[in-house]
Amino acid sequence: MLNVPSQSFPGLSSQQRVASGGRSKVPLKQGRSLMDWIRLTKSGKDLTGLKGRLIEVTEEELKKHNKKDDCWICIRGFVYNVSPYMEYHPGGEDELMRAAGSDGTDLFDQVHRWVNYESMLKGCLVGRMAVKPALPKDYREEKKILNGMLPKSQVTDTLAKEGPSSPSYDWFQTDSLVTVVIYTKQKDISLDSVIVDLRDDSLRVETFIKDYSYLIHIGLSREIQEDFSVRVVENVGKIEIVPKKKENASWKCLGHPLENHNSLIPKKDTGLYYRKCQLISKEDVTHDTKLFCLMLPPSTHLQVPIGQHVYLKLTIAGTEIVKPYTPVSDSLLLEFKEPVLPNNKYIYFLIKIYPAGLFTPELDHLQIGDYVSVSNPEGNFKITQLEELEDLFLLAAGTGFTPMVKVLNYALTNIPSLRKVKLMFFNKTEDDIIWRSQLEKLAFKDERFDVEFVLSAPTSEWKGKQGHISPGLLSEFLKRSSDRSRVLVCICGPVPFTEQGVKLLHDLNFSKDEIHSFTA
């Protein structure tokens, strides 16, 4: 619903895509860019009509404000007057009006929950909804000091019935170590299922169990060192987080509960959590695309699952701006790149720089050693979609190539049933092709892999394929190794490219389960 109104990403012609729901954009009037909106919010103009007052808003009052020139919307308990924002919203007035006079949280989350609406709309804040949240049944239990017993989890009866088995945790210690153990009661847990952040003597552990998030959030009773280890026992679904004590002394208790501690909620209802990552390097890949390397803090464990994305956050002109990007490997052919940095502490991004944009020029201007905030991962791609696969087809346009990098690497390395992987890579010119040399080397090295480049604006010297995505190109390209082979087609690029591609794939009799689109 409330989209960051940026002309730089992801515009209709942009090719940097991530996995989320699709939407349409409308042309903005002159003087209605993101920077224009930021200037308006800082001008001192009364955007709420309340002369600076904050009020409590009842449901009855909220319902009255449902017109374009008087439009209030509630997001996560806060009410905003979005009427001044109407002309600045790239999704158009009609999209905002879908939530007029009501709670628009679900609609907001469906479209782009990553948007930092608190910063974008702080000048439009009317106040809070006049609703007192109910205390969880185990509120008194959770206020107790954590002493190693297993407190009740804040899991409602509905979650207990519909979600995974209720996880739990415990802890024990030696003279020098503390071990926090999470029992997920699931067998498909891996290192990328858990995210750990140590910050200001607090421990935050978020574990993803199917489509749910289990959070441990504790203010520790004593100090610990920055570095720690994380172990996963996959066959029993047990996770161990082992930090080192700063002092070799016995702890009487683990600590005290912090916000949302010991809660299990649907993943879609969780907020984004950020940590500051340091820019280690950036190097040119094409004339307008660079490879950025960010280093996680030593007090963080985070591994982005294949096919998922994170959000990068910068403060620009006093406003926090957030953009989604899909991490890549630092190379398709690691042996061609020395030295190789340990992959558990570094995240790589292929990012196209838009000179007239807002976010990417600011990112490009960062100096080595500067910091960028990086969120927890999101996305609906499941690694199980690649299991027992025989044919994998990848359709990418421009930086829509980014989700394909790890999918390609994983499939060639870990899927023994795989017979062939084919990438059709659409670009305007030869100079736009990302990692062309690496792709060609990979095709030479691995006979299962083949790549075809398609250019829409080639020079007269180009001897390869030309044009845009079309039935003719796809029908020739998408040939199964056998009539009954298990197949997956992944597609990513600008919205028109992806929508047209998915339609053509259905016309070619590929089923819904055989298609995965990374769209924004």
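Residues numbered from 1 in each chain as written. Predicted model: local features only at pLDDT ≥ 70, side-chain atom pairs only at ≥ 80, totals over all residues. Heavy atoms only, no water.

For the chain, the name recorded in an unreviewed UniProt entry is Cytochrome b5 reductase 4, with Vicugna pacos as its organism. Turning to the chain, the UniProt record has this under Subcellular location (unreviewed entry): "Endoplasmic reticulum". We quote the UniProt Catalytic activity (unreviewed entry) comment for the chain here in full: "2 Fe(III)-[cytochrome b5] + NADH = 2 Fe(II)-[cytochrome b5] + NAD(+) + H(+)". (UniProt positions renumbered as here; feature names shortened; annotations may be inferred.)

K.L.:
Sorry, what's going on with the overall build of the chain here?
P.N.:
When helices and strands are counted, the chain shows twelve helices and 28 strands. Residue burial in the chain is summarised as follows: out of 520 residues, 54% are buried. Put simply, 73% of the contacts in the chain that link residues at least 6 apart link residues at least 24 apart. Total accessible area on the chain stands at roughly 24600 Å², and carbon and sulfur atoms take up 49% of it. (Helix = DSSP H or I, 4+ residues; strand = E, 2+ residues; numbered from the N terminus. Buried < 20%, exposed > 50% of the residue type's maximum accessible area, 1.4 Å probe, protein only. Contact = heavy atoms within 4.5 Å. Areas by Shrake-Rupley, 256 points an atom, 1.4 Å probe, with all protein chains shown as cover.)

K.L.:
Help me understand helix H9 (residues 402–414), please; the structure alone is not making it clear to me.
P.N.:
Given 3.6 residues per helical turn, the α-helix brings residues three or four places apart onto the same face. Across its 13 residues, H9 extends 19 Å between first and last C-alpha, which sits within 8% of the 18 Å expected from 1.5 Å per residue. Among all positions in H9, only Thr 402, Pro 403, Met 404, Val 405, Val 407, Leu 408, Asn 409, Ala 411 and Leu 412 are buried. (Expected span 1.5 Å × (residues − 1).)

K.L.:
Please clarify how the pairing of strand E22 (residues 371–375) should be interpreted in this entry.
P.N.:
Along any regular strand, the residues point their side chains to alternate faces of the sheet. Burial runs high along E22: four of the five residues are buried. In the sheet, strand E16 (residues 274–284) pairs with E22 via five bridges, with the strands oriented antiparallel. Following the sheet pairing, Arg 275 is matched in E22 by Val 374. Pairing between strand E19 (residues 310–316) and E22: two bridges, direction antiparallel. Paired with Leu 312 across the two strands is Val 374, which belongs to E22. (Pairing = 2+ DSSP bridges.)

K.L.:
Explanation requested: the sheet that holds strand E20 (residues 319–325) in the structure shown.
P.N.:
A sheet is described by the order of its strands in space; here six strands give the open sequence E20-E19-E22-E16-E17-E21, paired in antiparallel fashion. One side of each edge strand has no neighbouring strand; the edge strands of this open sheet are E20 and strand E21 (346–352). Ignoring strand direction, the axes of neighbouring strands in this sheet form an average angle of 40°. Direction of pairing for strand E17 (residues 289–295) relative to E21: antiparallel, over a ladder of seven bridges. Each bridged residue has a counterpart across the sheet, and for Lys 290 the counterpart in E21 is Ile 351. (Axes fitted to C-alpha atoms, helices over the stretch in contact; angles between N-to-C directions.)

K.L.:
Is there a simple way to explain the sheet that holds strand E28 (residues 515–518) in this structure?
P.N.:
Sheets are built from strands that pair by backbone hydrogen bonding, the pairs being arranged parallel or antiparallel. What the six strands build is an open sheet, ordered E26-E25-E24-E23-E27-E28; its pairing is parallel. Only two strands of the sheet have a single partner each, and these edge strands are strand E26 (465–466) and E28. As paired elements, strand E24 (residues 420–427) and strand E25 (residues 449–455) share seven bridges and run parallel to each other. Paired with Leu 423 across the strands is Val 451, a residue of E25. Helix-sheet contacts for H9 involve strand E23 (391–397), E24, E25, strand E27 (487–492) and E28, and the interaxial angle to E23 is about 160°. Against the sheet, helix H12 (residues 495–507) makes contact with E23, E24, E27 and E28, and its axis sits at roughly 155° relative to E27, the strand it touches most.

K.L.:
Would you take a moment to explain the confidence of the model for the chain for this structure?
P.N.:
Should pLDDT be low for a region, the predicted coordinates there are not to be read in detail. When pLDDT is averaged across the chain, the result is 85; 86% of the residues are at 70 or more. Per-element confidence in the chain is highest for E23, whose mean pLDDT is 98, and lowest for helix H6 (residues 139–143), whose mean pLDDT is 40. Within the model, pLDDT remains below 50 along residues 1–23, and this stretch shows 111 contacts once partners closer than five positions in the same chain are excluded. The model gives residues 132–145 a pLDDT under 50, and that stretch makes 18 contacts with residues more than four places away or in other chains. (pLDDT = per-residue confidence, 0-100.)

K.L.:
For this particular structure, what's the right way to read the packing of aromatic side chains?
P.N.:
Each aromatic ring pair is summarised here by two numbers: the centre-to-centre distance and the angle between the ring planes. A full pass over the atoms with the stated rule returns ten aromatic pairs. Seen from their ring centres, Phe 401 and Trp 435 are 6.4 Å apart, and the 85° between their planes marks the pair as edge-to-face. Note that Phe 401 is positioned in the loop between E23 and H9 and Trp 435 in the loop between E24 and helix H10 (436–445), a separation of 34 residues in sequence. Across this residue pair, the class does not change: Phe 401 and Trp 435 are buried. In this structure an aromatic cluster arises from ring pairing among Phe 401, Phe 425, Trp 435 and Phe 453. (Phe/Tyr/Trp six-rings, centres within 6.5 Å; stacked < 30°, edge-to-face > 60°.)

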